[in-house]
Amino acid sequence: MTNVSLWSDPNTWASGQLPKAGEDVVINGTRYILLDISPPALGSLTIFGGLEFLDGTSNALELSVLSMIVWGRLVIGNWTNPFTGSATITLRGDRYSFSSIVDDDHFLGNKVMAVFGEVQMHGVPRSPVWTRLAATVSPGDTTITLTETVTWQPGESIVLSPTEYEPGQYETLVIKSVSGAQVTLTAGAKYRHFAGSINIGGGRSVSFRSAVGLLDRNIIVRGEILDGSGYGGHIVVSEIVADLAGAVAGVPKPVGFLNASFVQFNNLGQNSMEHAAIYFEYFPTDSRSIWRRNITAAPRNRLYSCAFSNLWNYGVKAEGAPAIQLVNNLFHRAFRASIYLDGTSVSATLVNNLMIGTTRSPDLLNIPWISPFAAVMVQASYMTRMSGNVVAGSEDIGYQFYPEVCGDKTNYYDNEVYGAVIGVFLYATHVGCAQAVGFTAWANAHVGIFTVDQPSNIRVKNAVVADNHQGINLMFFRAYPDNQAIIENSVILGSVGATTCQYSKLCRAYYKGDHTASRRDFCASTFGNGFRRIGVVTAQYLNRGKTCAMDFLPVCDPPNTPERLCSMPFDLRYGLPPSPYGRLDITDTTFGYFQYNDCDANTRSAAYAWNPSQPDYTPPTYFKNIKWFNTDVKAKIALEMTGMSLSECGLLCDGYHMILMHDLDGSFTENPLGKEIVITGNNPVLADYSPTCVAVPAWNAYQCLDFKLRFGIMLNTGPDSGTRKIGPYRIMRYDGVNNKTHFSAGPYDDECAMRFHYGRFPYAFAAGYDHDLQFTSSAPDTLRTWWFSYDDTEVATAGLFYREPDLVAVQSNGGAVITQLFRYPTLQDSQGANAQNPKTRRLYFTYRGSKSLSYLDLSITPAVKVSMTMSMSIDQFFGSQIVYNLAVLLGVDPSQIKVVSVSDASVAVDFRIFPKILNTAQPIVETSAPPSSTSTPSDGSIVVTVPIVGNTGSTSGSASGGATLNSIDVTAVLAELTVVYDKLAAAAASGTLSTALQVTVISVIITKPSINGTNGTDTTPAVIVPASVIKEFNTSTDELNWPLIIGLSAGGGAVILILLVLVYLQHKRAEEKEKAYQPKKSHKRIDSLQAITSGKIYDTVPVFVHGEHGAAQVEDIDEHDPEEYDMVLRGSVLTPRGTTLISPRQSQEKEEKHESKESVASAPVAIPAPKTPVDSTPKTPKSPNPFTEKASLLGKNKLSSNGERKPSTPMISPLNLQEVLDSEQQLQNNKKEPKHLLIKDSSRGVLGQDISVQIPPTPTPATLDKHSMSKMDDSDKSWAPGYYMSITEYAPQFPDELVLKKGDLLAITDVSKDVWCMGTNHRTNQRGSAMKSCLRKLAADEEAIMNLDSSVFVSRANQVAPLPAEARRPKEPIPGSIASPSHVGGAPEMNFIPAQEPPTRR
């Protein structure tokens, strides 16, 4: 060794004198100095050569400096020959001491030891560095017993870790004496520190023990603390990649590394800054870095059995430091994190480290955001090993890291955390399947093992959780059909006694009002104060990232920083369910120590609980090989709604009412039969009848033995999925005797996440059963549906109601269109076997389970829709060549034209004209001759029996070889159909159509084609009355008696409201008779042929708008749809459906029972529907129901004495209840006494008994007119149509109302006499109603500034503008009990049939 000399030798120094206090000292590259004395406090020390502490001296050595930079070597002992004396390095100064700057990459700050060379520090080995308590330490105890013998010495300091929800209950104590494993302290303990072994049955036990660590070492590197400022020293280990001044070419650039063992780092780190106790910084992404130039020569930093005590910032922070090794170290009171590894510090080794009392940095206390931190923060995607570590006490998270990829081999295992807020936080990682193995998490104030925004499937294996507020809670941001979370080979315990009710009763969690999770008087989790322990929380799958890693923040560090404060707490639902399916599997797991009353009667515990913030979707949970120990039966499951869930759900909540748990072997329910048991929530309509299913009041649930109930999803895949509400969605299960009906509401809006309702509806099907499906609104053009059974022997059938008899194509897994059957599909058919029955307006199909979780696509075939009224009888129509002639005129194949509806009284026919490319299905109604299957009722009307659509030669529903809907050229199909549309419109307008068809065409309505609601053109139908017909009306002296069909169709059948308006146009003699008839004031007449033929009818009739009588267009009334519970307009009189209406031309004294067949032919009437008795007495369920205090709004189909099924009472939801009640009032126009309506069904109901609603007396016509929208009169001129500004916010209470925010610009077109007006919100581009009190009219100068022109409203000042389609549709009960209209001799008939054929007919 060149020029080795002693520090104490004056000849060592060029001046011939030893360095003096405050001097800056440089050891040049040719010198190697042995420190044999303690020099005075120096200024800076720069080591280019070497400095070694000389061992064997009798005095303790101390080196005190303001700063130190090591370019060469600093040595205090080595691995094989540790330093045995006492050595101390002190970094002096304060915040204002001079800073060290090396280059642009290294602003080092002050009080720093910078290492660009080599530092070796190795003290005397101590055994053990840390251990555990053998017995619980109580407050005041001065003697502790450890699990192993120690060699600790009197006068040394130890730290006891906290075991409550209070992470600050760690204690630093001084040893008085040691005897083997027993240590006597100089002062008694202040807090309780738990240690114990817990029996879990079967001869097994688990241990939870407080860790104890030794803080003292014989080598100390410390920072000087002045005035309690928390501003200590710090160490930086780094490399130089830039070219420094004076650097010699060819000489390697400096690279620093540190190896230390049995060293104490005390009072290091600088509070409220980023300087860690030890900071490793390299630049592996820079091509000049040693890690890029020569990775084999790159140094390996290693810290072994060191003690970090009284830290003021991070313990160890590594950025760009691969392969760092931290083994068997003790970290005591670090701020921010004990160990922090950034994303480029890969391949780290973390083994057997103990972190006690990780604390929030003071500079984070007052920021207006939540900034998560953890004792162990690992941003790197992988580590070489992480095992045997213990986090004991953290004011936030214990471990947060990216879980490793699933596999039999794991590098992360046997890690433990207690006394944190969240024990283990698994970062979101895109690896398909990630796992967390061997974690023990206990006494954590919020969650033991947690993940959020997780895009990968998660497996939690060999976990032990106990005494946590929530044991395991897994939340996903994942939109795949194969979502799965697994908990296996684990132990999940409630209150084992490790914590006390005094300190660990209420949880601690972040929320908007508590950015530090420090409140002790309030539990901010989704469960609130009412729950102390939850073992497993139901999984969640959501479509909005809660953290910046999956969403966005300008600075995203750490990646689990919440993106919005309103999304807190972490376990709160944030977004809507994106995926079709998810499941949680819990296998080979032991549950124990859950008590229903935990601490007191106001707090409880449960092994498994539904997340009360999740109203939309709860993935099913599958249990297998479950063991129980010391658990109350009532504490096994918690499915109650809390205040939070009640506010979210209202009456119908898919996430709650469709909870499914599958006990695959009976072990979870402890049933000895070993068969599958399905557990549902408090929803008897999901369960079967006793004895298959029985109520379990202790769980607020039902359990069913060997009942194959499986989840399904119906998804609107059209472009209107997020803009049109088509639910609630009704699911009826048939068992041949007692049917069960449940409803799906779809997702609830999440205003915080800015995710809003879209067409996703979960449901539950039972294998081996038939089901009927129905949307409250019309079914969308395209649907995708799954039934999640993995067993191909499990089969279910279903019938889906469509309001229009459109042709629906079925595909399985995106394959070819499946050929329809000529019979109903059965349980023996393959997946997707289907048939369509226009009579019932249902598509019937078969679901079959599969391991690949197959899906079906249901698509309405695109077509030109034509409604044509011709002057001929129905018999003449079926005997004619009209379809053939129409095909010739349009230049299409006759097979492309399908007749879907025929009614008499001058024949009204609905056609569909399909494109050639999809022309593979059978016609809906054969038109070559009248249907062969007819019957003649006693009233003389004709009822047409329409055959099921299908292929008579097919028996299995196999896929055809034709084009698939996924592969068609949308542009080509639309172009083909548009040509047909244009030809037909031109022919109708010119009169050529009548000539070609050889029949007088009175009117034609044509709707432009669309595919999946997309065509780029206006789909409003053209209403055409040939010029010859108008001329005939103007010149004829005879009475005219013919109907016009006016339709509105959008989205190719996605929303179809067809209105049959019977307008009797008469000559002068007929007009005089009409004058004698005086309708009520609230009933407006429609006499304008010009308004009708232009398609713009603005005269109003009374309808029901958000529960009050208002006005809307005639188009509001859908007479064509027999399934709707609404009104039918006959002439000018609004009449309840199913009652007789006398034409104005007839005598008022003429009664229906006296009418002859001839009078029917000459004057159209509505034939009364068969009467269905309504039972007004609530029914008692057959089997005992423990929840009878809740009102039932769900009904049952009933069987008559001869076994035929009677139609159900119309189904009612809270959305349409008022309209239905008002409709009932209309039926009682001449009655003053109250009426009772028995409500049997509801689309958003709770379960229990039926209820009876009293209907008040019918309002007078004057009352109706008072609330109706009408033309503006002179008294309300200040509220004229024009531009208005919203002066306040308004949340809609009904579907037709506008969302208003302050400052919104509205174009108001229609004004009522009451508080309402109607127009368009320019911000949302939505049309609807608004309250006048929310608006102010813009002044003329404001309009000028905004370049607005109110004159555009003048032309409509006396008109009532149409409501949007969604607002106009009355909230009718779900249809299903009324058949399609058949033709009778003069008018459509409402022919009632059962809502669905009994299974025996299937």
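Structure: above.
Residues numbered from 1 in each chain as written. Predicted model: local features only at pLDDT ≥ 70, side-chain atom pairs only at ≥ 80, totals over all residues. Heavy atoms only, no water.

A. A look at the packing of helix α5 (residues 882-890) against helix α6 (residues 970-990). At a minimum axis separation of 9 Å, α5 and α6 run at an interaxial angle of 110 degrees. Comparing their axes, α6 and α5 come out roughly perpendicular. Facing α5, whose interface residues are L886, L889 and L890, α6 presents V980, K983, L984 and A987. Of the residues assigned to the contact of α5 with α6, the class counts are six nonpolar, no polar and one charged. (Axes fitted to C-alpha atoms, helices over the stretch in contact; angles between N-to-C directions. Helix = DSSP H or I, 4+ residues; strand = E, 2+ residues; numbered from the N terminus. Parallel < 35°, antiparallel > 145°, perpendicular 65-115°, else oblique. Contact = heavy atoms within 4.5 Å. Nonpolar A, V, L, I, M, F, W, Y, C, P; charged D, E, K, R; others polar.)

B. Local environment of the pattern of salt bridges. Overall, the coordinates contain 40 salt bridges when judged by the stated rule. Notably, a salt bridge pairs R478 with D482, separated by 3.1 Å at the nearest N-O pair. When its relative accessible area of 6% is taken as the criterion, R478 is described as buried. A salt bridge links D616 to R573; its shortest N-O distance comes to 2.7 Å. (Salt bridge = Lys/Arg side-chain N within 4 Å of Asp/Glu carboxyl O. Buried < 20%, exposed > 50% of the residue type's maximum accessible area, 1.4 Å probe, protein only.)

C. The environment of T776, seen in detail. On the secondary structure map, T776 appears in the loop between β64 (770-775) and β65 (782-787). Distance from T776 to P728, taken between C-alpha atoms, is 5.6 Å for residues 48 residues apart in sequence.

D. Quick look at the pairing of strand β19 (residues 195-201). Here β19 lies mainly inside the structure; five of its seven residues are buried. As judged from the six bridges shared by β19 and strand β20 (residues 204-209), these two strands associate in the antiparallel manner. Each residue of the ladder has a partner; that of N199, found in β20, is S205. Between β19 and β20, which follow one another and run antiparallel, lie two residues, and G202 among them has a positive phi close to 65 degrees. (Pairing = 2+ DSSP bridges.)

E. α5, seen in detail. The complete set of buried residues in α5 reads I882, V883, N885, L886, A887 and L890. Elements that come into contact with the buried residues of α5 comprise β71 (864-870), α4 (874-878), β72 (897-903), β73 (908-913), α6 and α7 (992-997). Two residues or fewer after α5 comes G891, characterised by a positive phi angle close to 75 degrees.

F. Examining the packing of aromatic side chains more closely. A complete count under the given rule lists 45 aromatic pairs for this structure. Between the aromatic rings of Y418 and W442, the centroid separation amounts to 4.3 Å while the plane-to-plane angle is 25 degrees, which identifies the pairing as stacked. In this pair, Y418 sits in strand β41 (residues 415-418) while W442 sits in strand β44 (residues 439-442), placing the two residues 24 residues apart along the sequence. Since its relative accessible area comes to 0%, Y418 is described here as buried. Relative to Y847, the ring of F765 has its centre 5.4 Å away and its plane inclined at 65 degrees; by these criteria the two rings are edge-to-face. Of this pair, F765 sits in strand β63 (residues 760-766) while Y847 sits in strand β69 (residues 842-848), placing them 82 residues apart in sequence. Take F765 and Y847: they sit in the same class, and that class is buried. (Phe/Tyr/Trp six-rings, centres within 6.5 Å; stacked < 30°, edge-to-face > 60°.)

G. Region of the structure containing the sheet that holds strand β5 (residues 50-53). Taken in spatial order, the 11 strands line up as β1-β3-β5-β8-β13-β24-β27-β30-β33-β36-β40 in an open sheet, and their pairing is parallel. The sheet is open, and its two borders are formed by β1 (4-6) and β40 (412-413), each paired with just one other strand. Two strands pair when backbone bridges link them, and strand β24 (residues 257-261) and strand β27 (residues 302-304) are joined in this way by three bridges, in the parallel orientation. Note on β27: the bridge partner recorded for N259 is R302.

H. The nonpolar core, seen in detail. Ranked by internal contacts, the top residues of the largest apolar core, which has 117 residues, are L51, F53, M68, L74, F265, F280 and F308. Grouped together as the second largest cluster of nonpolar side chains are 36 residues, V864, L890, V907 and V909 included. (Core = buried A, V, L, I, M, F, W, Y, C linked by side-chain atoms within 4.5 Å.)

I. Representation of the side chain of S361. Considering the arrangement of structural elements, one finds S361 in the loop between β34 (354-358) and β35 (374-378). A relative accessible area of 1% places S361 in the buried class. One polar contact links S361 to D363, side chain to side chain, over a distance of 2.2 Å. Apart from residues lying up to four places away in sequence, S361 is in contact with N271, S272, F335 and R336. (Polar contact = N/O pair within 3.5 Å; in protein donor to acceptor, adjacent residues only side chain to side chain.)

Nothing here speaks to function; it is all geometry.
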